[in-house]
Amino acid sequence: MKKMFVKVLNAGLLLLSCIPIAAQDENDSLDRVIQSYCQSEWTKYNNLTGVHSIVRSNASNHVVYVQEKEKVHGMNRHTFIVRGYTMSPWVAFSTVFNDPCDLDCIGPSVEIYDMRLFEGSCYFCGKITQPCPDFMGNRFTDGFVGRFSMNAFLDGSGTVYYYKVDEVTQLTRLAITKVAGSVLTINAIGNMEKTRNSCIVELTDSGAVWGIRLDTINNTEKVVFSDIMAMQDSLTLLAQYACENDELPGSNSYDNSHQVFLLDRFDLRGCFYTCGSPGFHHMAFYVMATSENCFFHHDRAPMRLFHINDESDKFGVAFGVEESEENIGGVRLFLFSHAWEYDSCIYYRTDVHAEVKDIGNLFNTNKLFVLSRDNAHTNGLIAIPSLGGAAHNVTWLTNVDYTYNSLTQRIGGNDMDISCHDNFSNFHLFDQDIQLLPQESCFTKSVHQYEVLPKRHAVLDKMEWGFSKKTTFRWEVAEISMTQLSLDVICSFCE
């Protein structure tokens, strides 16, 4: 791509007009603190190649995570890039999550699936795979959770802690909650090792010791947990039913679970605090109507929760669907004021096998940005719907030379950051002001339309929760090495 150089304002002059605000707890949207210089800018991180990445922000910090292409003794190498609210200076460090004394031997390999920022710390989860297979050639996996203080690394020191949760096979999504005067809780969803049933792992910090408890549903094995999200007043769980097959509507063996998703909400102290006695709790059970045509989702389709206006009672659900009468699909976004009825739903067409990978919003607004992929956009598609607009427009941002991995609102301005990789696995971070989309951009832009579908009520689905006995655990300390990175701006439009 041709480089474009522009003249920008002095950073010091800009910061004089900006006053830092208190951090939002866990939202990946945040108050605008520092306005970006440019409406669109792409940055290449030299000598950093990766296969997967995540980017997250709150009002105080910004963290990029990259699973590197390089391996150390068969173990995945991971790099974290930490910034404060000014975005500069920044610090980078790498780890393979192993005992510093055992780096000369082959160890377990870690994959990270989700990352969240809460107050001054970064939390992440995934799975850890043992190096030696069993006699059938299968490799054992366990759940994995880690954390570190962002401010400690920015101050010149820092420690990365991790814990292997051997009661589960993996942990896919997490949310961090804390009630004033109470304990901090890491809530992570995954699968039980023995039964493979979905579960919530609750890790609680009492100040002196950390405790662990596992929560799962006893009266059915079909419920699959898809996402979990912290709000100002509650913890929201998104789920679906496992389908018997992926047969399309009209087939003799069609499974109605393809039309279903479920919601539950708990106190900020977690599922056990809310449902522990007597253990029964109602989930909100939603069925997409066949009259709406776009009612089919695939088995275990990736489903995501998102904030709307960052209010305690407003949130959304997003996932990919297929249309029943045509070989086409797209993305549905359900908008809620409470768990028992969605106010409306929008649907925009993309292509078949649409999957939502990540979603966010500008703080205190309903301005959404959605990262998905489908058969026509295998590298990813970023969609920005104009909710409430008379034209029902949705702007697409695409580029076939890069694979989009994750997105978040940038630490300042009306911008979103997108983590991505080029065709040679080089890591890039893309910055786009979504309030200035009509202006020139590094992305290829196109405008499409979305359809508005009516609101619907949920029915009650009674679940019986079971809980393991709470035990204590200790964090392990990961080896780390500080990393030097150089950056090149490869595209920039500033007005």
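Please refer to the structure placed before this passage.
Bear in mind the structure is a predicted one, so any value in this text is a computation, not a measurement. (Residues numbered from 1 in each chain as written. Predicted model: local features only at pLDDT ≥ 70, side-chain atom pairs only at ≥ 80, totals over all residues. Heavy atoms only, no water.)

Structural notes on the overall build of the chain
From N to C terminus, the chain includes 3 helices and 35 strands. For 495 residues, the compact-globule formula gives about 23 Å, and the C-alpha radius of gyration of the chain, at 22 Å, lands near that figure. Along the longest, intermediate and shortest principal axes, the C-alpha atoms of the chain span 60 × 60 × 50 Å. A burial count over the chain gives 58% of its 495 residues as buried. In the chain, once contacts between residues fewer than 6 apart in sequence are set aside, the share between residues at least 24 apart is 62%. (Helix = DSSP H or I, 4+ residues; strand = E, 2+ residues; numbered from the N terminus. Rg over C-alpha atoms; globule rule 2.2 N^0.38 Å. Buried < 20%, exposed > 50% of the residue type's maximum accessible area, 1.4 Å probe, protein only. Contact = heavy atoms within 4.5 Å.)

Quick notes on the pattern of salt bridges
In the structure shown here, the tally under the stated rule is 14 salt bridges. The partner of aspartate 299 in a salt bridge is arginine 300, with the nearest N and O atoms 2.9 Å apart. Overall, the relative accessible area of 48% leaves arginine 300 in the partly exposed class. (Salt bridge = Lys/Arg side-chain N within 4 Å of Asp/Glu carboxyl O.)

As for the environment of tyrosine 402
As for its position among the elements, tyrosine 402 is in strand β25 (residues 402-409). By relative accessible area, which is 8% here, tyrosine 402 ends up buried. In sequence terms tyrosine 402 and leucine 371 are 31 residues apart; their C-alpha atoms lie 13 Å from each other. Sequence-distant contacts of tyrosine 402, defined by excluding residues within four places in its chain, comprise Trp42, Asn379, Cys420, His421, Asp422, His428, Phe430 and Ile490.

Some remarks on the side chain of glutamine 67
On the secondary structure map, glutamine 67 appears in strand β2 (residues 61-72). With a relative accessible area of 9%, glutamine 67 lands in the buried category. Excluding residues that lie within four positions of it along the chain, glutamine 67 makes contacts with Thr49, Gly50, Val51, His52, Asn76, Arg77, His78, Val110, Glu111 and Ile112.

Here we look at the pairing of strand β24 (residues 393-398)
Among the 6 residues that make up β24, 5 are buried, leaving the element largely enclosed by the rest of the structure. Two elements, strand β23 (residues 381-385) and β24, share 4 bridges in a ladder whose sense is antiparallel. By the bridge assignment, alanine 383 is partnered in β24 with tryptophan 396. Pairing geometry for β24 and strand β28 (residues 444-449), over 6 bridges, is antiparallel. Paired with threonine 398 across the two strands is threonine 444, which belongs to β28. (Pairing = 2+ DSSP bridges.)

Quick notes on the sheet that holds β24
Taken together, the 5 strands give an open sheet; going across it, the order is β21-β22-β23-β24-β28, and neighbouring strands pair in antiparallel fashion. Every other strand in the sheet has two partners, leaving β21 (355-361) and β28 as the edge strands with one partner each. Going from strand to strand, the sheet's axes swing by 25° on average, the running direction of each strand aside. As judged from the 3 bridges shared by strand β22 (residues 368-373) and β23, these two strands associate in the antiparallel manner. When the bridges of β23 are listed, leucine 371 appears paired with isoleucine 382. (Axes fitted to C-alpha atoms, helices over the stretch in contact; angles between N-to-C directions.)

Remarks on the nonpolar core
Judged by nonpolar contacts, the single largest core of 25 residues is most densely connected at Phe261, Leu263, Tyr286, Val317, Phe319, Phe334 and Phe336. No other element matches strand β18 (residues 315-322), which puts 4 residues into this core. Those residues in contact with phenylalanine 319 that sit more than four places away from it in its chain are Phe261, Met288, His297, Pro302, Met303, Gly330, Val331, Arg332, Phe334 and Val356. Phe80, Ile112, Phe144 and Phe153 belong to the second largest nonpolar core, which has 22 residues in total. (Core = buried A, V, L, I, M, F, W, Y, C linked by side-chain atoms within 4.5 Å.)

Regarding the packing of aromatic side chains
Applying the stated criterion across every chain, the model contains 39 aromatic pairs. With a centroid separation of 5.2 Å and an interplanar angle of 85°, the aromatic rings of phenylalanine 93 and phenylalanine 148 are classed as edge-to-face. Highlighted residues: phenylalanine 93 in strand β4 (residues 90-95) and phenylalanine 148 in strand β7 (residues 141-149), separated in sequence by 55 residues. Residue class for phenylalanine 93 comes out buried when judged on its relative accessible area of 0%. An aromatic cluster is defined as three or more aromatic residues linked by ring pairs; in this entry it consists of Tyr65, Phe80, Phe93, Phe97, Phe124, Phe144, Phe148, Phe153 and Tyr162. Across the ring face of phenylalanine 280, the terminal group of lysine 462 is positioned such that the distance to the ring centre comes to 4.7 Å. (Phe/Tyr/Trp six-rings, centres within 6.5 Å; stacked < 30°, edge-to-face > 60°. Lys NZ or Arg CZ within 6 Å of the ring centre and 35° of its normal.)

Focus: the sheet that holds β7
In space, the 5 strands of this open sheet follow the order β5-β6-β7-β8-β33, with antiparallel pairing throughout. Among the strands making up the open sheet, the edge pair consists of β5 (109-118) and β33 (476-477). Relative to strand β6 (residues 121-129), β5 is paired through 9 bridges, and the arrangement is antiparallel. Pairing of phenylalanine 118 across the sheet is with serine 121, part of β6.

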